[in-house]
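# Working through the structure, step by step
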2 protein chains.
Amino acid sequence: MDRIPILQMGNLLLVTIQVDMHDRLAMTLQDDLTAKISQTHARGVLIDISSLEMVDSFIGRMLANIAAMSRVLDAQTVVVGMQPAVAITLVELGMSLPGVRMALNVEKGMALLRASLTEDNVVEVEESDDASRQD
Amino acid sequence: MDRIPILQMGNLLLVTIQVDMHDRLAMTLQDDLTAKISQTHARGVLIDISSLEMVDSFIGRMLANIAAMSRVLDAQTVVVGMQPAVAITLVELGMSLPGVRMALNVEKGMALLRASLTEDNVVEVEESDDASRQD
């Protein structure tokens with residue numbers, strides 16, 4: 001297992017994390033994901049962690065890093081499919097994953113991303129309308 | 001790694017195979033997938049094998065089995081993302097995966113499934129039209 005596959009669906013990217021992450025795999029994922037965002041002009045990243053039975057501080061930090069990197073590249077990140085037990089453990093450990101948006105499953109995550117991308121577009125259109133009016 | 005996650009997207013299911021399959025994992029995947037098709041009324045199954053660097057006769061048989069089981073449950077299966085080297089090896093080994101449809105990537109696979117599901121619906125509608133005319 002050298003790398004985690006990144007699937008493109010329209011302007012969204014989907015990453016399913018199934019295996020235990022180690023340093024090198026996490027670095028490779030960050031490299032691949034940022035390259036893919038830049039290459040495909042993706043606007044959203046979905047990270048599915050439904051098969052993870054444990055999320056430690058390493059994975060938590062990786063998720064936060066990916067979200068931050070994506071944001072810099074103008075893509076939004078949503079983490080989906082967290083198991084209830086994982087949520088309990090995370091909060092008990094004092095890790096609330098600030099800056100990372102969550103959704104119950106891939107479908108809801110896609111809906112969330114699509115809705116917020118549409119809002120962005122509306123804002124962009126309104127802004128360009130304003131700009132054209134000022135001309 | 002107990003099970004491979006199955007992601008639902010509308011009436012399609014997506015399975016990303018990232019790890020080496022062994023007997024028990026393959027059985028679990030077949031059980032989970034058939035249960036999920038029946039539970040979600042999914043009409044299509046996408047199996048992404050882009051991270052597999054080798055497809056042996058075991059995996060080949062598993063893909064064919066999944067396609068056959070899905071067909072019985074009225075869902076179509078498309079295998080996506082096969083690496084070029086894997087395709088060469090498969091054909092050299094005389095395994096051409098009969099009965100399994102392929103697509104280059106997840107996007108094209110989704111488009112293929114959506115198109116053939118739409119065709120099915122058209123046929124169903126036409127048939128019910130014919131039936132109503134005969135009444």
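We now turn to the structure provided with this report. Bear in mind the structure is a predicted one, so any value in this text is a computation, not a measurement.

Conventions adopted
Residue indices begin from 1 for each chain and proceed along its sequence in written order. Key to labels: chains lettered from A, ligands numbered from 1, both in the order written. Since the coordinates come from a predicted model, pLDDT governs what is reported: local features require at least 70, and pairs of side-chain atoms require 80 or more to be given and counted, while whole-chain, interface and lining totals use all residues. Side-chain calculation: all heavy atoms of the structure are included, whereas hydrogens and water are not. It only takes one pair of heavy atoms within 4.5 Å for two residues to be counted as in contact. The buried area of a pairing is the accessible area, by a 1.4 Å probe, that goes missing from both parts when the two are put together, added over both. Polar contacts here mean pairs of N or O atoms no more than 3.5 Å apart (in protein, one a potential hydrogen donor and the other a potential acceptor; neighbouring residues in sequence count only if both atoms are side-chain atoms). Only DSSP runs of H or I covering at least 4 residues are called helices, and only runs of E covering at least 2 are called strands; the numbering of each starts at the N terminus. Lines fitted to C-alpha atoms define the axes here, with helix axes fitted over just the stretch in contact, and angles between the N-to-C directions of these axes take values from 0 to 180 degrees. In this scheme, roughly parallel covers angles under 35 degrees and roughly antiparallel covers those over 145, while 65 to 115 is roughly perpendicular and the rest are oblique. Crossing handedness is defined as follows: a turn of the near helix away from the far one that is anticlockwise and smaller than a right angle gives a left-handed crossing, while the clockwise case is right-handed. Polar here means any residue other than Ala, Val, Leu, Ile, Met, Phe, Trp, Tyr, Cys and Pro, which are nonpolar, and Asp, Glu, Lys and Arg, which are charged; Gly is therefore polar. Superposing copies: least-squares fit, C-alpha atoms only, residues required to have pLDDT of at least 70 in both. By nonpolar core we mean a set of buried residues, namely Ala, Val, Leu, Ile, Met, Phe, Trp, Tyr and Cys, connected to one another through side-chain atoms within 4.5 Å. Per-residue accessibility, obtained with a 1.4 Å probe over protein chains only, is compared with the maximum for each type, and a residue is labelled buried under 20%, exposed over 50%, and partly exposed between these values. Salt bridges are defined by distance alone: a side-chain nitrogen of Lys or Arg within 4 Å of a carboxyl oxygen of Asp or Glu. DSSP calls a pair of strands paired once it identifies at least 2 bridges connecting them. Note on handedness: a clockwise path from strand one over the helix to strand two, with the strands aimed away from the viewer, defines a right-handed crossover. Helix span, expected: 1.5 Å multiplied by one less than the number of residues in the helix. Along the arc lie the directions from the helix axis toward the C-beta atoms.

### Description of the interface of chain A and chain B
Counting residues at the interface gives 20 residues for chain A, matched by 20 residues for chain B. Of the roughly 1,500 Å² buried between chain A and chain B, counting both surfaces, carbon and sulfur atoms make up 61%. When residues of chain A are sorted by the area they lose upon contact with chain B, Leu7(A), Gln18(A) and Glu107(A) head the list and together hold 36% of the total. The interface formed by chain A and chain B contains four residue pairs in polar contact (both at pLDDT 80 or more). Of all elements in the fold, only strand E1 (6-9), strand E2 (12-16) and helix H4 (106-134) of chain A reach the threshold of two or more residues within the side of chain A that touches chain B.

### A closer look at the packing of helix H1 (residues 23-40) of chain A against helix H2 (residues 57-72) of chain A
Residue and element names in this part refer to chain A. Here H1 crosses H2 at 15°, and the two axes come no closer than 11 Å. Our classification of the angle between H1 and H2 gives roughly parallel. In the packing of H1 onto H2, the handedness of the crossing is right-handed. Of the residues in H2, those touching H1 at Asp 23, Ala 26, Leu 29, Gln 30, Leu 33, Thr 34 and Ile 37 are Phe 58, Met 62, Asn 65, Ile 66, Met 69 and Ser 70. For the contact of H1 with H2, the residue count by class is eight nonpolar, four polar and one charged.

### As for the relation of the copies chain A and chain B
Here two copies of a chain appear, and what relates them is a rotation about an axis with a shift along it. Structural alignment of chain A on chain B gives an RMSD of 0.0 Å, achieved by rotating through 180° and translating 0.0 Å along the axis. The superposition of one copy onto the other is thereby described by a two-fold rotation axis. Looking at the interface residues of chain A, 100% of them are also at the interface in chain B, so both copies use one shared face.

### Description of the nonpolar core
Counting 61 residues, the largest nonpolar core has Ile17(A), Met21(A), Leu29(A), Ile17(B), Met21(B) and Leu29(B) as its most contacted members. Discounting chain neighbours no more than four positions away, the residues touching Met21(B) are Ile4(B), Ala26(B), Leu29(B), Phe58(B), Ile59(B) and Met62(B). Listed in part, the 24 residues of the second largest apolar core include Leu46(A), Ala103(A), Met9(B) and Ala103(B).

### A short note on the pattern of salt bridges
Residue and element names in this part refer to chain A. As enumerated under the stated definition, the model contains four salt bridges over all chains in all. A salt bridge links Arg 3 to Asp 32; its shortest N-O distance comes to 3.0 Å. Here Arg 3, found in the segment before E1, pairs with Asp 32, found in helix H1; they are 29 residues apart in sequence, far enough to count as distant. The class of Asp 32 is buried, set by a relative accessible area of 19%.

### Some remarks on the pairing of strand E3 (residues 44-48) of chain A
Residues and elements named next belong to chain A. Buried residues dominate E3, accounting for five of its five residues. Of the two faces of E3, the one holding Gly 44, Leu 46 and Asp 48 and the one holding Val 45 and Ile 47 are both buried throughout. Judged from the five bridges that link them, E2 and E3 form a sheet pairing that is parallel. Residue pairing across strands places Leu 14 opposite Leu 46, the latter belonging to E3. Sheet topology note: the E3/strand E4 (residues 76-80) ladder contains five bridges and is parallel. Looking at the pairing, Asp 48 lines up with Val 80 of E4. As for the winding sense of the linkage, the β-α-β connection from E3 through H2 to E4 is right-handed.

### Thoughts on the side chain of Ser70(B)
Residues and elements named next belong to chain B. Along the chain, Ser 70 falls in helix H2 (residues 57-72). A relative accessible area of 1% means that Ser 70 is categorised as buried. Setting aside anything within four residues of it in sequence, one finds Ser 70 in contact with Ile 37, Val 45, Ala 75 and Thr 77.

### Quick word on H2(B)
All names here are of chain B. The end-to-end C-alpha distance of H2 is 22 Å, a good match for the 22 Å that 16 residues give at a rise of 1.5 Å each. Taken together, the buried positions of H2 are Ile 59, Gly 60, Met 62, Leu 63, Ile 66, Ala 67 and Ser 70. Summarising the axial view, the buried residues of H2 lie within an arc of 165°, below the 170-degree limit, and thus occupy one face. Exposed side chains of H2 directed beyond 90 degrees from the buried face belong to Arg 71 and Val 72. Residues of H2 that are buried sit in contact with helix H1 (23-40), strand E3 (44-48) and strand E4 (76-80). Once H2 ends, the next one or two residues include Asp 74, with phi positive near 65°.

From the geometry alone we can't say anything about function, so treat these as descriptive.
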